[in-house]
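# Inside the fold
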Amino acid sequence: MGIMGKSRFCCILLAISFFVISCDYKETNSLVKGPLPEESVKGPILNVSLEAAFDTLDQQTAVFATSFELIGNMIDGLMQMADDGSVKKAICKEEIVSSDGLHYTFKLRDDVYWSNGEPVTAHDFVYGWQRAVDPATKSEYAFMISDIAQVKNATAINAGQMEPNQLGVRATDNYTFEVELQVPVSYFDQLLYFCTFYPANQKFIEKCGDKYATSPETCLANGAFILTEYSSKSKTITFKKNTAYYDAAKTKLGGIHYEIVSSGDEALRKYQSGQLDFVELSGDAVDKMKNSPDYHPVDSGFLYYITFNFDDKIFANKNLRRAFTHAVDRELVVSEMKDGSAAAYAAIPRGYAYSSTGEDFTPAGIVYPDDCCYNPQKAIDYYKKAQEELGLKKINIELLTADGETQIIASESIKRQIEEIMPGVNITIKAVPKTERRKIMSSGKFQFALNNWGPDYADPMTYLAMWVTGNDNNQGNYFNPKYNALIANCTDGDLCTRIPERWAALKDAERMIMEDAVIMPIYQKCNANLIKSNVKNIAFHAVAINRIYKNTTK
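What you see is a predicted model, and the numbers here were worked out from it, not measured in a lab.

## A few points about the overall build of the protein chain
Helix and strand content of the protein chain: 17 helices and 19 strands. For 554 residues, the compact-globule estimate of 2.2 N^0.38 gives 24 Å, and the C-alpha radius of gyration of the protein chain, at 25 Å, lies within 12% of that figure. Relative to all contacts within the protein chain whose residues are 6 or more apart in sequence, the contacts with residues 24 or more apart total 69%. As presented, the protein chain carries roughly 23100 Å² of accessible surface, and 52% of it is formed by carbon and sulfur atoms. A distance of 2 Å separates the average location of the 58 positive side-chain charges in the protein chain from that of its 70 negative side-chain charges.

## Some remarks on the layout of surface pockets
One number sums up the size of the second largest pocket: a volume of about 960 Å³. The set of elements that each furnish at least two residues to the lining of the second largest pocket consists of α2 (65–74), α8 (264–272), β11 (278–281), β12 (295–308), α13 (405–421) and β17 (519–531). Grouping the constituent residues of the lining of the second largest pocket by class yields 13 nonpolar, 15 polar and 11 charged.

## As for the sheet that holds strand β6 (residues 169–173)
Pairing in this open sheet of 4 strands is antiparallel, and the strands run β4-β5-β7-β6 from one edge to the other. Since the sheet does not close on itself, it has two edges, and those belong to β4 (92–97) and β6, each with one partner. Neighbour-to-neighbour, the strand axes of the sheet open up by a mean angle of 20 degrees, direction not taken into account. Pairing geometry for β6 and strand β7 (residues 176–180), over 4 bridges, is antiparallel.

## As for empty space enclosed by the protein
Over the atoms rolls a probe the size of a water molecule, and its path tells where empty space is left. Under the counting rule described, the total for this entry stands at 6 cavities of 30 Å³ or more. Quantified by volume, the largest cavity comes out at close to 180 Å³. Ranked by residue count, the leading element in the lining of the largest cavity is helix α14 (residues 434–443), at 3 residues. Class assignment for the residues of the lining of the largest cavity results in 9 nonpolar, 3 polar and 4 charged.

## Overview of helix α12 (residues 376–390)
The first and last C-alpha atoms of α12 sit 21 Å apart over 15 residues, in line with the 21 Å expected at 1.5 Å per residue. Three or more residues of α12 are buried, namely A379, Y382, Y383, A386, Q387 and L390. Down the axis of α12, the sector holding all buried residues measures 145 degrees, keeping them to one side. Tucked into the core, α12 has its buried residues touching α10 (318–327), β14 (395–402), α13 and β15 (425–432).

## Considerations on the nonpolar core
Counting 128 residues, the largest nonpolar core has F106, W129, F188 and W467 as its most contacted members. Excluding anything up to four places from it in sequence, F188 contacts Y104, F106, W129, A149, V179 and L181. V334, L390, I414 and F448 belong to the second largest nonpolar core, which has 36 residues in total.

## Details of the pattern of salt bridges
Inspection of every chain in the model, using the stated rule, returns 25 salt bridges. For E336, the salt bridge identified is with R416, shortest N-O distance 2.5 Å. Of this pair, E336 sits in helix α11 (residues 330–337) while R416 sits in helix α13, placing them 80 residues apart in sequence. Using a relative accessible area of 25% as the deciding quantity, one classes E336 as partly exposed. Judged by relative accessible area, which is 33%, R416 ranks as partly exposed. Overlapping salt bridges, with partners in common, bring together D284, D287, K290 and K338 in one network.

## Re the side chain of T105
Tracing the backbone through its elements, the reader meets T105 in strand β5 (residues 103–108). In this structure, T105 is in contact with E94, E95, I96, T176, F177 and E178, ignoring residues within four places of it in sequence.

## Observations concerning α13
Taking 1.5 Å of rise per residue, the 17 residues of α13 would be expected to cover 24 Å, and the 25 Å separating its terminal C-alpha atoms lies within 8% of that figure. Taken together, the buried positions of α13 are occupied by T406, Q407, I409, A410, S411, S413, I414, Q417, I418 and I421.

## Section: the pairing of β14
Where burial is concerned, most of β14 is hidden: 6 out of the 8 residues are buried. Here β14 pairs with β15 via 8 bridges, running parallel. Pairing of I397 across the sheet is with I427, part of β15. Crossover connection from β14 via α13 to parallel β15: handedness right-handed. With 2 bridges connecting them, β14 and strand β16 (residues 448–453) associate as parallel partners. In the sheet register, L399 faces β16, and the bridge partner there is F448.

## A word on unusual backbone geometry
Within the chain, N153 stands out as a residue other than glycine whose phi angle is a positive 75 degrees. For N153, the position within the fold is in the loop between α4 (142–148) and α5 (154–158). Here N153 falls in the buried class, since its relative accessible area comes to 19%. Within the chain, A213 stands out as a residue other than glycine whose phi angle is a positive 65 degrees. You can see A213 is positioned in the loop between α7 (202–208) and β8 (225–229). Take A213: its relative accessible area is 4%, and that puts it in the buried class.

## A few points about the environment of L102
Tracing the backbone through its elements, the reader meets L102 in the loop between β4 and β5. Taking the C-alpha atoms as reference, L102 lies 44 Å from D339; in sequence the two are 237 residues apart. If sequence neighbours within four positions are ignored, L102 has contacts with V179, E180, L181, Q182, V183 and P184.

## Some thoughts on the environment of K89
For K89, the position within the fold is in strand β3 (residues 87–89). Sequence-wise, K89 and D189 are 100 residues apart; in three dimensions their C-alpha atoms are separated by 9.6 Å. In this view, K89 contacts L78, M79, Q80, E94 and E95; residues no more than four positions away in its chain are not counted.

Criteria and cut-off values
- Residues numbered from 1 in each chain as written.
- Predicted model: local features only at pLDDT ≥ 70, side-chain atom pairs only at ≥ 80, totals over all residues.
- Heavy atoms only, no water.
- Helix = DSSP H or I, 4+ residues; strand = E, 2+ residues; numbered from the N terminus.
- Rg over C-alpha atoms; globule rule 2.2 N^0.38 Å.
- Contact = heavy atoms within 4.5 Å.
- Areas by Shrake-Rupley, 256 points an atom, 1.4 Å probe, with all protein chains shown as cover.
- Lys, Arg positive; Asp, Glu negative; His and termini not counted.
- Charge placed at Lys NZ, Arg CZ, Asp CG, Glu CD.
- 1 Å grid on protein atoms, 1.4 Å probe; cavity = no way out; pocket = protein on both sides within 12 Å on 5 of 7 lines; lining within 4 Å.
- Points joined across faces, edges and corners; volume = space filled by probe spheres on them.
- Nonpolar A, V, L, I, M, F, W, Y, C, P; charged D, E, K, R; others polar.
- Pairing = 2+ DSSP bridges.
- Axes fitted to C-alpha atoms, helices over the stretch in contact; angles between N-to-C directions.
- Expected span 1.5 Å × (residues − 1).
- Buried < 20%, exposed > 50% of the residue type's maximum accessible area, 1.4 Å probe, protein only.
- Arc of directions from axis to C-beta.
- Core = buried A, V, L, I, M, F, W, Y, C linked by side-chain atoms within 4.5 Å.
- Salt bridge = Lys/Arg side-chain N within 4 Å of Asp/Glu carboxyl O.
- Right-handed = clockwise from strand over helix to strand, strands pointing away.

Coordinates in, geometry out; function isn't part of it.
Structure follows, in C-alpha cells:
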C-alpha cells in the first residue's frame, strides 16, 4: 500500500471511529435514569473502629487497605469477593473468555445505577481503567493494570508513550465491556474486585475536579452503602444503606459509622461503653480481653518488614543489612506486641497463596535459615565486616515507622535488640502518621523503615512485583537485572502460562530477595478483634478488601 493509500485508509478508520464514538455517546445520553437512593433508611447502624488513617476515597488512586474497605462499601466492580473468598459476579452478569485467554467480554447488568441516578455502563469501566493508567492521574496502582493484569498498551500509556484512549479496553455498546490482554493471566478474574479496576463516572469526576472523593457531595456510589459524613479533619466516617443498590434486599444494615481511634485502650473503652460494636485491639488491651467470648482474632495477611534504602551509603552495604536481619528475635517482637501476630521469616506471608496442588507458597517456621533467622553470632560477624568496609566504628541511623501503637512497639523492640548486639549502633525512631511515612519513603529520604504490605490478589506476584526496578513500591530502590528478568518472564514471558515452572521461578525470585537482604521480614499481622455477640457475618479476607459488610447483621 502506497503513502496515499495509507492516508486514505487512516481517514476512513478515523471516520468510522468517530461514528462509533458518536453513536455510543448518543446511546449513553439517551438512557433513562434509575431510582435515586431514599433519604431515610431503616435498619441498625454498625459502629466500627478504624485503627489507621486512609489516604483517599478515590478508587483509582487509593493505596491504603483502610481506603479499600471504605471504597468497597460504596462501589462495586465487575466482580466481588464472596464471603468464602471466592470470586463472584457483581456488575458483570456474563463473562466470555477467548480460547487463547487474551480477550474478555463482559456483559453487564442493566439495573446498576450511580447514586445520582445515572446508569453504570461499559463506558464507566473504559474511563475508570483509562484514568488509572493515565500518568496524569498519578495512580500508584497503575501497575496492576499494566504489569499484573497485562492489559494491552497499559505500560506504554503509563510511561507517556501512548494516549489513554489506546488502552486495550472498549465499550461495544452500553452494557458490553471488552478487554484485550497482552498475555494470558490465570488470575485475571481475581483482580477485578480490586479498587483500581472499578468503574468511574467521567462527567461527575470532571465536574468535581481535584475535589473528587473529598466529601459526601463529591463521592458517587453504585454499591451497598453511600457516604453521608466525612471531612479531611473528621474522626468519623458515616455511610447509609443505598436503597437503589441492585442487591439492596440482601443488605440488612441501615448504615455503618466509623470512628478513628488512636490506641487499643481507646478502642476498648468505646467498646465497653457501647459506643462501638466492632473494634480492633492492640497493646495491653489484647491481654485484657483475649479470654472474652467477644474476642475473635483474624489473620490479616499483612506482612510487616524492614525496607532498607539502597541509595543510603550505610544500607548499601550488604553485610550490614544481613547483620540486622540476624540480630532481631522476631518471636520476642510479637510477644511484646501482644496482638496475636506471628513471626515472619520470608518475603511472602503464609496462608494466602497456594499452588495448583494446594501447596502453601510459604510453609510455617524458618524458611531461609541462612538469610533470615535470629542468630546473634552471625549478626556480630556480619557487623564487624560491615564496619571494616564502611570504615565506621559508630553508626547513627534513623528508623522510620508509622505512629500506630503496634508499629511503635515493634520498632522499639527492633531498636533495643540491634543496639544490644552491635556496640556502636545508635538508632533513633521517627514515628509519623502512616500517610506521611509513605510520602517520606516514596521520596527516598529515609535510611530504613518499618513497612507493610497486604496482598491485593492471591498470587505471590502481589509481593514480588514490588521489588522490580521502576515499581512505585520499590521504595528502597533495589536494582537487580536478573531479578527483573525473572519476574518479567513470570509476568509476560515464557513462564506466564507454564504454571508449575512459574511457581518454582517465583520461589527463586523470593530467594534472591532474601539472599540480598532487600527486606527484613518481622511479623505477619493478626487483627485482634472484639465483636458484639449480636453482630454476625462480617466477611474477613486476607486479600484486596479485608472487611466486607454487605451481608452483616446486627
